[in-house]
Amino acid sequence: MSKRVYLFLLFLLLFIDEKFFFITQGLDWRYSMIFLSAFFFVYVKKSRKVNYSFKPFINLYVLMLIISAFMVFYRGVSPVDTIIRSYMLLLPILLYVPMTNIGVRFGTNSLLNLMVSFSKLVSLVLLLQSLGIINVINSDILSTRNDSMRSFIGTYAMMLGAIILFYRFLFEKQKKKWKLFIWIALNIICIFYVNQSRSTIFALIGAFALLIYFKYSQLIKKTGIIGYSLKILAIAFVVYYSYNLVNNIVNLSISSGEASSIIRLEAYNYYFSKFLSYPILGVGLSNVNSLINDGIVNKLYVDDIGIVGYIAQTGLMGIFVVVVFVKQYLAGIKQLSSNHHKLFSSIGLMIVLLLPFNSLLSTDSSIIYVVFILSSLTASIHNERIYSSY
């Protein structure tokens, strides 16, 4: 198949993963997602020339899913069909090898450009719908905050797209940088005024700040002790300001009785107690689960509380998987000598800053983005080695 066909199918995979943007409730995205994932897994073969450095993490993650699914079945806390649906939706993690091969064959930029294009589509659709210009997204899944439309569709796509574009704006030679600036601005506007997630905004600011630091790090070194003093002061200011910003937002939300903050605090307490009750393997990933029935009834969503929700579902086993992920990710970044290490460092910081609120490893809607990040990093390492050998 040609490059365009492969990338179109990957684009379609992202579109399906975002549940067809909820254009209609009649389309069942689950089976489409599983079918297309299976196609890539079977059709795009593994290459002996590529070092799939994240295979240990992928294998551990799949093993964790198998053990967790078996324990949920053994405990009898979820119907069998619910167990199958809950765990099969995380199987796109197996797309790591096929997606890496596409990045190796057509270049890392083919994957990065794909994510940028998808982020543009997401931001345009959401902004146009919020302005009342189009009406394609099913209104049942939309909510309202600050008297405006709110949606979580394509959150990670917009974040990754904005980071990639900002990286290119700072470090790559572009003929028309004003176009990059416009798309960066549209993504940021959409995240601020449609997504309206404080955790998302916080993580994006952190990623952007790291890229800016990388851009001017040499200038800081040239200024000697003055530069290092300014660097320490800047870090202290960012940490202090970020802490106060988050603390004030949380306190304001609680004091004003904002439901989302109060419910999230209750969810933290509830699911951490579940982790303490089932510390080794957790309660399992199933949405219908009698072990967390009280939480489900009271609308305490496990996906809203990041790493706490993740360890409640996976226990110490899940923590071990995260440790392997972090270790291999850092090792991967160290292998890059080009500017790409700056891009993937900022993406890594984004993941870390999201952890208290959203864990990319525990939800079916985000696992495909984890695969994209790891595949792009692996392809970048391989392609850099190939080019340096000539």
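See the structure printed just above.
Residues numbered from 1 in each chain as written. Predicted model: local features only at pLDDT ≥ 70, side-chain atom pairs only at ≥ 80, totals over all residues. Heavy atoms only, no water.

## Focus: the overall build of the chain
Helices and strands together make up the secondary structure of the chain, namely 15 helices and two strands. When the 390 residues of the chain are sorted by exposure, 49% land in the buried category. (Helix = DSSP H or I, 4+ residues; strand = E, 2+ residues; numbered from the N terminus. Buried < 20%, exposed > 50% of the residue type's maximum accessible area, 1.4 Å probe, protein only.)

## What about the nonpolar core?
Counting residues in each nonpolar core, the largest one holds 118 residues, and the members touching the most others are Phe 57, Tyr 61, Tyr 271, Tyr 329, Ile 347 and Met 350. A per-element tally of this core places helix H7 (residues 155-171) first, with 13 residues. (Core = buried A, V, L, I, M, F, W, Y, C linked by side-chain atoms within 4.5 Å.)

## Overview of unusual backbone geometry
Here the phi dihedral of Gln 196 falls at roughly 55°; this positive angle occurs in a residue that is not glycine. A relative accessible area of 6% means that Gln 196 is categorised as buried.

## Focus: a nonpolar patch on the surface
A contiguous nonpolar patch, built from Phe 70, Phe 73, Tyr 74, Val 80, Ile 84, Met 88 and Leu 91 and spanning about 710 Å² of accessible area, is present on the exposed surface. Counting only elements with at least two residues in the nonpolar patch, the list comes to helix H3 (55-75) and helix H4 (80-88). Residue position: Tyr 74 is located in helix H3. What makes Tyr 74 exposed here is its relative accessible area of 62%. (Patch = residues over 30% accessible without salt bridge, like charges linked within 9 Å, V, L, I, M, F, W, Y side chains within 5 Å. Areas by Shrake-Rupley, 256 points an atom, 1.4 Å probe, with all protein chains shown as cover. Salt bridge = Lys/Arg side-chain N within 4 Å of Asp/Glu carboxyl O.)

## Thoughts on empty space enclosed by the protein
If a probe as big as a water molecule is rolled over the atoms, it shows which places are left empty. A complete count under the given rule lists one cavity of 30 Å³ or more for this structure. The calculated volume of the largest cavity comes to roughly 50 Å³. Leu 10, Leu 13, Leu 14, Met 99, Leu 114, Met 115, Ile 368 and Phe 372 are the residues that line the largest cavity. The set of elements that each furnish at least two residues to the lining of the largest cavity consists of helix H1 (3-17), helix H6 (108-130) and helix H15 (367-388). (1 Å grid on protein atoms, 1.4 Å probe; cavity = no way out; pocket = protein on both sides within 12 Å on 5 of 7 lines; lining within 4 Å. Points joined across faces, edges and corners; volume = space filled by probe spheres on them.)

## A few points about the side chain of Arg 150
Note that Arg 150 resides in strand S2 (residues 148-150). A distance of 3.0 Å separates a polar atom in the side chain of Arg 150 from the backbone oxygen of Asn 195. Of note is the side chain of Arg 150, whose polar atom sits 3.2 Å from the backbone oxygen of Gln 196. Those residues within four positions of Arg 150 in sequence are excluded, and the remaining contacts are Leu 142, Ser 143, Thr 144, Arg 145, Val 194, Asn 195, Gln 196 and Ser 197. (Polar contact = N/O pair within 3.5 Å; in protein donor to acceptor, adjacent residues only side chain to side chain. Contact = heavy atoms within 4.5 Å.)

## Focus on the side chain of Gln 129
In this fold, Gln 129 is placed in helix H6. With near-sequence residues (within four places) excluded, Gln 129 lies in contact with Ile 134, Asn 135, Val 136, Ile 137, Leu 142 and Met 149.

## Looking at the pattern of salt bridges
Tallied over the entire structure, the rule returns one salt bridge. Note that Glu 172 and Arg 168 form a salt bridge whose closest N and O atoms lie 3.8 Å from each other.

## Some details on the environment of Tyr 369
Relative to the elements of secondary structure, Tyr 369 occurs in helix H15. Judged by its relative accessible area of 0%, Tyr 369 falls in the buried class. If we ignore the near neighbours within four places in the chain, the residues touching Tyr 369 are Leu 14, Asp 17, Glu 18, Met 115, Phe 118, Tyr 156, Ala 157 and Leu 160. For Tyr 369, the side chain forms a polar contact with the side chain of Glu 18, separated by 2.6 Å.

## Some points on H4
Because an α-helix completes one turn every 3.6 residues, residues spaced three or four positions apart along the sequence face the same direction. The complete set of buried residues in H4 reads Thr 82, Ile 83, Ser 86 and Tyr 87. The buried residues of H4 all sit within an arc of 115° when viewed along its axis, so they share a single face. Where H4 is buried, its residues meet H3. (Arc of directions from axis to C-beta.)

## Examining the packing of H7 against helix H8 (residues 177-195)
Where H7 contacts H8, the axes come no closer than 9 Å and their chain directions differ by 150°. Between H7 and H8, the interaxial angle falls into the category roughly antiparallel. With respect to the hand of their crossing, H7 and H8 are arranged in left-handed fashion. For the pair H7 and H8, the contacting residues are Thr 155, Met 158, Met 159, Gly 161, Ala 162, Leu 165, Phe 166, Arg 168 and Phe 169 in the first and Lys 177, Leu 180, Phe 181, Trp 183, Ile 184, Asn 187, Cys 190, Ile 191 and Asn 195 in the second. Residue composition of the contact of H7 with H8, by class: twelve nonpolar, four polar and two charged. (Axes fitted to C-alpha atoms, helices over the stretch in contact; angles between N-to-C directions. Parallel < 35°, antiparallel > 145°, perpendicular 65-115°, else oblique. Left-handed = near helix turned anticlockwise from the far one by under 90°. Nonpolar A, V, L, I, M, F, W, Y, C, P; charged D, E, K, R; others polar.)

## With respect to the packing of aromatic side chains
Working definition: an aromatic ring pair is given by the centre-to-centre distance plus the angle between the planes. Per the counting criterion, the structure on display carries 15 aromatic pairs. An angle of 10° between the planes, with centres 4.3 Å apart, marks the rings of Phe 166 and Phe 208 as stacked. Taken together, the positions of Phe 166 in helix H7 and Phe 208 in helix H9 (residues 198-222) put the pair 42 residues apart, joining distant regions of the chain. Accessibility assignment for this pair places Phe 166 and Phe 208 in one class, buried. For the ring pair Phe 169 and Phe 181, a centre distance of 6.4 Å and an interplane angle of 45° mean the geometry is tilted. (Phe/Tyr/Trp six-rings, centres within 6.5 Å; stacked < 30°, edge-to-face > 60°.)

## Observations regarding the environment of Gly 282
On the secondary structure map, Gly 282 appears in the loop between helix H11 (259-277) and helix H12 (293-297). Taking the C-alpha atoms as reference points, Gly 282 and Ser 68, separated by 214 residues in sequence, lie 7.9 Å from one another. With residues up to four places along the chain from it excluded, the contact list for Gly 282 reads Arg 75, Ile 311, Ala 312, Gln 313, Thr 314 and Gly 315.

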